[in-house]
Amino acid sequence: MKRDYYTILGVKRDADESEIKKAYRRLAMQHHPDRVAPGEKEGAEEKFKEITEAYEVLRDPERRATYDRYGEAGLKRGAGSGGGGFTPFDLSEALNIFMRDFGGLGGFDAFFGGAERARRERQHGQDLKVTLKLSLAEVASGTSKKVKVRTLERCTACGGTGAAPGSKATTCATCAGTGEVRRAARSMFGQFVSVSPCPSCAGEGTVIQQPCPKCQGDGRVRAEKELEINVPAGVADHHYLTMRGHGVPGPRNGPAGDLIAVLDIAEDPRFDDLIYDLPVSFTQAALGAEVQIPTPYGAATLEIQPGTQTGAVYRLRGKGLPRVGEGGRGDLHVRVHVWTPLKLTAEQRALLEQLAKIESKPPAEGHTGKKFWEQLRQAFGR
Ligand SMILES: [Zn+2]
Ligand SMILES: [Zn+2]
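Quick caveat: nothing in here was measured; it's all calculated off a predicted structure.

Of the regular secondary structure elements, the protein chain holds eleven helices and 14 strands. Relative to its 382 residues, the protein chain shows a buried fraction of 38%. Pairs at least 24 residues apart make up 63% of the contacts formed inside the protein chain by residues separated by at least 6 positions.

Attention now goes to the sheet that holds strand β13 (residues 313–316). Backbone hydrogen bonds hold the strands of a sheet together, and the pairing may be parallel or antiparallel. The strand order β10-β14-β13 describes an open sheet built from three strands, whose pairing is mixed. Whereas interior strands pair on both sides, the edge strands pair on one side only; in this sheet they are β10 (275–281) and β13. Direction aside, neighbouring strands of the sheet carry axes that sit 30° apart on average. Examined bridge by bridge, β13 and strand β14 (residues 332–339) share four bridges and lie antiparallel to one another. Following the sheet pairing, Tyr-314 is matched in β14 by Val-334.

Here we take up unusual backbone geometry. The phi dihedral of Ala-202 falls on the positive side, at around 55°, and the residue is not glycine. Within the secondary structure, Ala-202 sits in the loop between β5 (190–197) and β6 (206–207).

Now for the nonpolar core. Ile-229, Leu-278, Ile-293, Leu-302, Ile-304 and Val-334 are the most contacted members of the largest nonpolar core, which totals 33 residues. Excluding its chain neighbours within four sequence positions, the residues that come into contact with Ile-304 are Leu-278, Val-280, Gln-284, Gly-288, Ala-289, Val-291, Tyr-314 and Val-336.

What follows covers the coordination of the zinc ion (ligand 1). In an ideal tetrahedron of four donors about a metal, each angle is 109.5 degrees. In an ideal octahedron of six donors, the angles are 90 or 180 degrees. The protein atoms donating to the zinc ion (ligand 1) are Cys-155 (SG), Cys-158 (SG), Cys-212 (SG) and Cys-215 (SG), with metal-donor distances spanning 2.3 Å. Bound by four donor atoms, the zinc ion (ligand 1) shows angles of 104 to 115° at the metal and therefore tetrahedral coordination geometry. We note that the donor set of the zinc ion (ligand 1) lies within a single chain, spaced as C-x2-C-x53-C-x2-C. Note that Cys-158 is positioned in the loop between β2 (143–154) and β3 (170–171) and Cys-212 in the loop between β6 and β7 (220–231), a separation of 54 residues in sequence. Here Cys-158 matches Cys-212 in class, with each residue buried.

A cluster of acidic residues, Asp-14, Asp-16, Glu-17 and Glu-19, forms a negative patch at the surface. In this fold, Glu-19 is placed in helix α2 (residues 17–31). A relative accessible area of 42% places Glu-19 in the partly exposed class.

Below, the discussion takes up the sheet that holds strand β9 (residues 259–265). With mixed pairing, three strands are arranged side by side in an open sheet as β1-β9-β8. Two strands bound the open sheet, and with one partner strand each, they are β1 (128–134) and β8 (240–243). In this sheet, neighbouring strand axes are inclined to one another by 25° on average, regardless of whether the strands run parallel or antiparallel.

Moving on, we come to the packing of aromatic side chains. According to the stated counting rule, one finds five aromatic pairs in the structure shown. When the centroid spacing of 5.7 Å and the interplanar angle of 80° are considered together, the rings of Phe-48 and Phe-98 count as edge-to-face. Taken together, the residues span a long stretch of sequence, with Phe-48 in helix α3 (residues 41–58) and Phe-98 in helix α6 (residues 91–102) at a distance of 50 residues. For the pair shown, Phe-48 and Phe-98 are each scored as buried. By the ring-pair criterion, three or more aromatic residues cluster together here, those being Tyr-24, Phe-48, Tyr-55 and Phe-98.

Considered for burial, the residues of helix α4 (residues 61–70) that qualify are Arg-63, Arg-64, Thr-66 and Tyr-67. For α4, the angular spread of buried residues about the axis comes to 160°, placing them on one side. Facing away from the buried surface of α4 by more than 90 degrees, the exposed residues are Pro-61 and Arg-69. The N-terminus of α4 is capped by Asp-60, whose side-chain oxygen sits 3.0 Å from the backbone nitrogen of Glu-62. Following α4 by one or two positions, Gly-71 has its phi on the positive side, about 75°.

With that out of the way, let us pick up the coordination of the zinc ion (ligand 2). Around the zinc ion (ligand 2), the donor atoms from the protein are Cys-172 (SG), Cys-175 (SG), Cys-198 (SG) and Cys-201 (SG), and they sit 2.2 to 2.3 Å away. Coordination at the zinc ion (ligand 2) is tetrahedral: its four donor atoms span angles of 101 to 118° at the metal. All donors of the zinc ion (ligand 2) belong to a single chain; written as a sequence motif, their spacing is C-x2-C-x22-C-x2-C. A residue pair is termed long-range when its members are at least 10 positions apart, and Cys-175 in the loop between β3 and β4 (180–187) and Cys-201 in the loop between β5 and β6 qualify at 26 residues.

Moving on: a nonpolar patch on the surface. A cluster of nonpolar side chains, contributed by Phe-282, Leu-344, Leu-352, Leu-355 and Ile-358, occupies part of the molecular surface with about 450 Å² of accessible area. Within the secondary structure, Leu-344 is located in the loop between β14 and α10 (346–358). The partly exposed category is assigned to Leu-344, whose relative accessible area is 33%.

Moving on: the environment of Gly-179. Inspection of the secondary structure puts Gly-179 in the loop between β3 and β4. Overall, the relative accessible area of 0% leaves Gly-179 in the buried class. Separated by 22 residues in sequence, Gly-179 and Cys-201 have C-alpha atoms that sit 6.9 Å apart.

Cut-off values and rules
- Residues numbered from 1 in each chain as written.
- Chains lettered and ligands numbered in written order.
- Predicted model: local features only at pLDDT ≥ 70, side-chain atom pairs only at ≥ 80, totals over all residues.
- Heavy atoms only, no water.
- Helix = DSSP H or I, 4+ residues; strand = E, 2+ residues; numbered from the N terminus.
- Buried < 20%, exposed > 50% of the residue type's maximum accessible area, 1.4 Å probe, protein only.
- Contact = heavy atoms within 4.5 Å.
- Pairing = 2+ DSSP bridges.
- Axes fitted to C-alpha atoms, helices over the stretch in contact; angles between N-to-C directions.
- Core = buried A, V, L, I, M, F, W, Y, C linked by side-chain atoms within 4.5 Å.
- Donors = N, O, S within 2.8 Å, 3.2 Å for Na, K, Ca; no water.
- Tetrahedral: all angles 85-135°; square planar, octahedral: opposite > 155°, others 65-115°.
- Patch = residues over 30% accessible without salt bridge, like charges linked within 9 Å, V, L, I, M, F, W, Y side chains within 5 Å.
- Areas by Shrake-Rupley, 256 points an atom, 1.4 Å probe, with all protein chains shown as cover.
- Salt bridge = Lys/Arg side-chain N within 4 Å of Asp/Glu carboxyl O.
- Lys, Arg positive; Asp, Glu negative; His and termini not counted.
- Charge placed at Lys NZ, Arg CZ, Asp CG, Glu CD.
- Phe/Tyr/Trp six-rings, centres within 6.5 Å; stacked < 30°, edge-to-face > 60°.
- Arc of directions from axis to C-beta.
- Polar contact = N/O pair within 3.5 Å; in protein donor to acceptor, adjacent residues only side chain to side chain.

On their own, these measurements won't tell you what the molecule is for.
Here's what the structure looks like:
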């Protein structure tokens, strides 16, 4: 199938540069290999490379124009853009492009002020990743969980500034507080100005002469904290929740990273993709019965119709898991199995022997009513 860069990024063909950046940023946050559950890494890497490739072409007006006219083939031939051909990225190239334009995961918010501001933005704290173990019932109803994490918190001795009490951070002399150094350089393409973070102050614009003795100038100290995380109803396995600004605080009162809670949902042995296997006795199947079915929302009553066969599937509407994003709940399918007793008491045996004399023979094959698959298909509405 032909890939389309606009489709990959989910933008319109006339999207402007900022829309393209925004779309890429959103997808990159979702598929960044460092942000997904371990089992999803491989798929995420592929996706990450793909979106980065699309972004790298569409962000560049010249390449984009080439792509619009000639498609991917035009890029591969190197048409239009300085003769440099275009080959698919490997993962590290893709990650580098992401770093180059967005400063990595930590410095993410800085982007919206533009690259210029990003450089001068205070250093963000790291993202904090926790795993939340949840039961199916908790997923169904939503819950609130407390977790203990090792993190850093603001140093109280210096108020997070990193400067020793009584002293102050001073404006960096190298960059005059701008946090960056500009250098004019000459190359075979002519003169250009290179801008890089100031080496004296690491881009912060200020330097600390007397570091705070408690935090050694970092502005943060180690801490163990208890966090409360609200889990909305209907989150599915391997999804995660991101709580902006609830991660590790940045050094010297820099903004905090995000808290990322990876959800680990325990399998419930009673449910197999919300198909519940219900054993019924021969008499319940023959005469009909009212039975209790466990659901993620508590027990529900199910009416077994007289003459129910093994393999019959009943549907309990709205008793399945909540549908993520769509609202409402799925269904719980109850699959009936007629259970044959392993041991009989003398009385049971006598009664069954009596029944055997008068019961009707099962019909020939093909007349046993609807086959299991057919019933299942009907139950699922396919
Ligand atoms: Zn301190
Ligand atoms: Zn400086």
